[in-house]
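# Architecture at a glance
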Amino acid sequence: MTTPEHQLDHVAIPSRDIAASVQWYVEHFGAEVLYQDGTWAFLKLGQGKLALVTPTQHPPHVAVRVGAETLREAAMAAGKPIDQHRDGTSGIYIDDPDGNQVELIYYPSRRTVYDKS
């Protein structure tokens with residue numbers, strides 16, 4: 001069951017050249033750049049978000065937005081530390097039954113690069 005806390009946040013795909021990939025998605029689909037650096041970009045694309053990741057930085061994955069307590073509980077259950085991300089979010093990667101990477105991601109209120117102050 002999907003709850004307001006469990007929402008599809010983004011899909012991440014690998015890119016060998018972040019800048020070229022960003023340009024392609026902007027030109028072909030009108031994507032809006034939410035964040036970009038040399039190894040990672042985050043794009044608003046229609047009703048969803050797309051992360052472009054270098055193969056050595058992040059695995060291809062699907063991200064589900066969760067609350068702080070859910071993230072803490074999942075990290076404890078998985079025996080993993082919570083990663084603090086450069087954009088102000090935090091999360092962990094877990095595997096689904098088929099070995100696909102799923103990121104559980106938490107956006108602390110008013111503490112991410114996406115917050116408009």
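Scroll up for the structure.
In this report, we go over the structure that sits alongside the text.

Thresholds applied
- Residues numbered from 1 in each chain as written.
- Predicted model: local features only at pLDDT ≥ 70, side-chain atom pairs only at ≥ 80, totals over all residues.
- Heavy atoms only, no water.
- Core = buried A, V, L, I, M, F, W, Y, C linked by side-chain atoms within 4.5 Å.
- Buried < 20%, exposed > 50% of the residue type's maximum accessible area, 1.4 Å probe, protein only.
- Helix = DSSP H or I, 4+ residues; strand = E, 2+ residues; numbered from the N terminus.
- Contact = heavy atoms within 4.5 Å.
- Patch = residues over 30% accessible without salt bridge, like charges linked within 9 Å, V, L, I, M, F, W, Y side chains within 5 Å.
- Areas by Shrake-Rupley, 256 points an atom, 1.4 Å probe, with all protein chains shown as cover.
- Salt bridge = Lys/Arg side-chain N within 4 Å of Asp/Glu carboxyl O.
- Arc of directions from axis to C-beta.

### Here we look at the nonpolar core
Judged by nonpolar contacts, A12, Y35, W40, F42, A51, V53, A63, I105, Y107 and Y114 together constitute the single largest core of ten residues. Where this core is concerned, the elements lending two or more residues are β3 (40-45) and β4 (48-53). Not counting the four nearest positions on each side in its chain, W40 is found in contact with I18, Y35, A51, L52, V53, H58, R86, D87 and Y114.

### Digging into a nonpolar patch on the surface
A grouping of L8, V11 and V62 is seen on the molecular surface, where their side chains present a nonpolar patch of about 240 Å² in accessible area. Mapped onto the fold, V62 is located in strand β5 (residues 61-65). With a relative accessible area of 34%, V62 lands in the partly exposed category.

### Brief notes about unusual backbone geometry
Even without a glycine there, the phi angle at R110 is positive, about 60°. Checked against the element boundaries, R110 lands in the segment after β8 (101-106).

### Comments concerning helix α2 (residues 68-78)
By the burial criterion, the buried members of α2 are L71, A74 and A75. Projected down its long axis, α2 shows its buried positions confined to an angular sector of 100°, all on one face. Summarising the geometry of α2, the exposed residues directed more than 90 degrees from the buried face are M76 and A77. Where α2 is buried, its residues touch β7 (90-95) and β8. Remark: G79 follows α2 within two positions and exhibits a positive phi of approximately 65°.

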